Amino acid sequence: MSVTIDLSGKTALVMGVANARSLGWAIAEPLLQAGCRVGFSYQGERLRGELEKLTAGREGTWIQQADATSEEDLTALFARVREEFGHLDYLVHSIAYAPRAAMEGRFIATTPEDWNTALNVSAYTLVSTARHAEPLLRPGGSIVSLTYHASQQVVPKYNVMGVAKAALEAATRYLAADLGKADVRVNTISAGAMRTVAARSIPGFSGLYDEAGRRAALGRHATPEEVGKLALFLLSDLGSGVTGQTVYVDAGANIMTMPLE
Ligand code: NAP
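Remember, it's a predicted structure, so these values are computed and weren't measured experimentally.

Q: Looking at this structure, I do not really get the overall build of the protein chain. What am I missing?
A: Each helix and strand in the protein chain was counted, giving eight helices and seven strands. Rg of the C-alpha trace for the protein chain: 18 Å, near the compact-globule value of 18 Å for 261 residues, within the 12% margin. Across its three principal axes, the protein chain shows a C-alpha extent of roughly 50 × 40 × 40 Å. The burial tally for the protein chain puts 51% of its 261 residues in the buried class. Once local pairs closer than 6 in sequence are excluded, the contacts in the protein chain between residues at least 24 apart make up 74%.

Q: It is not clear to me how the site of the ligand should be interpreted in this structure. Could you clarify?
A: Taken together, 28 residues are adjacent to the ligand, and Ser22, Leu23, Lys165, Met194 and Thr196 come closest. Ala18 has a polar backbone atom sitting 3.5 Å from an oxygen atom of the ligand. One nitrogen or oxygen atom from the side chain of Ser22 is found 2.6 Å from an oxygen atom belonging to the ligand. Contact with the protein chains removes 92% of the 880 Å² of surface that the ligand exposes when unbound. Counting residues per element, the ones that place at least two in the shell around the ligand are β5 (137-147) and α6 (197-200). In terms of residue count, α6 provides more of the shell around the ligand than any other element does, three residues in total. Of the residues assigned to the shell around the ligand, the class counts are 17 nonpolar, eight polar and three charged.

Q: What is the right way to look at the packing of helix α3 (residues 71-85) against helix α4 (residues 112-133) in this model?
A: Any two packed helices are characterised by how steeply their axes cross, that is the angle between the axes, and by the distance between the axes. Put simply, α3 and α4 touch, their axes get as near as 10 Å, and they point 35° apart. Handedness of the crossing formed by α3 with α4: right-handed. On α4, the residues that touch Glu71, Leu74, Thr75 and Phe78 of α3 are Ser128, Thr129, Arg131, His132 and Ala133. Class assignment of the residues belonging to the contact of α3 with α4 gives a composition of three nonpolar, four polar and two charged.

Conventions we followed
- Residues numbered from 1 in each chain as written.
- Predicted model: local features only at pLDDT ≥ 70, side-chain atom pairs only at ≥ 80, totals over all residues.
- Heavy atoms only, no water.
- Helix = DSSP H or I, 4+ residues; strand = E, 2+ residues; numbered from the N terminus.
- Rg over C-alpha atoms; globule rule 2.2 N^0.38 Å.
- Buried < 20%, exposed > 50% of the residue type's maximum accessible area, 1.4 Å probe, protein only.
- Contact = heavy atoms within 4.5 Å.
- Near = heavy atom within 4 Å.
- Polar contact = N/O pair within 3.5 Å; in protein donor to acceptor, adjacent residues only side chain to side chain.
- Areas by Shrake-Rupley, 256 points an atom, 1.4 Å probe, with all protein chains shown as cover.
- Nonpolar A, V, L, I, M, F, W, Y, C, P; charged D, E, K, R; others polar.
- Axes fitted to C-alpha atoms, helices over the stretch in contact; angles between N-to-C directions.
- Left-handed = near helix turned anticlockwise from the far one by under 90°.

Right under this line is the structure:
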């Protein structure tokens, strides 16, 4: 992909890159190509090596461990952002998790513990990270997260994660209202099914993936690169005037009930 937009002088924090297939990485790539300086946070030491490899030789990058559900980790992470950049232009939240047990059985069987974990990790952390970022975000700043259409329609086995994504989309609107006067925008990208670590852990994902490609208006899957291009639009000045939105990049899968003949 050739990027002509110039983001030199801009800074971003990308949270939730597990490997080169992560949608967080697909978003970071065009930011880096456009000259943006990018800090990355990862949940556990297990992922450090992968992120070190990905960012090796990429100018203006740094990495730091942060569990997004830990106030202590978030405080340390945003102190690092202040130290490295002095301010922040773009925040990318690419984090989700639900215990596997909650995605294997019936939705009605969801335990309070699994409900709280899924909504805390997958939705509340957008609110908490936005709050930590607020003092550092400059006018023109922008926050983007990742959601999925299971927030709107029942996707088998997605269960409590569908509820968490609905909460994330609603939180996006409330955050956009809170931060709008400071000229900071908040949007969420509803991506089509893509083969990542998180997606593969969803029971029945391959059937869901095949069905999405079959049904999509474009007759194919959207790609991580296309998620990256939409994020670049929403984060940068190209997207000025767009806030509080759930924007789809799924090759038109969500508009179709079944493929045309
Ligand atoms: P991914 O590569 O597995 O990324 C998910 C990331 O979330 C991982 O790095 C994971 O770290 C991190 N994470 C989980 N709990 C965390 C916590 N408490 N603190 C910090 N980080 C945490 O999968 P992905 O598909 O790119 O997922 C990124 C986002 O895209 C998610 O919001 C997902 O729901 C969304 N999305 C994905 C698809 C798809 O089909 N792939 C479609 C629509 C939306 P660990 O590996 O350490 O757990």
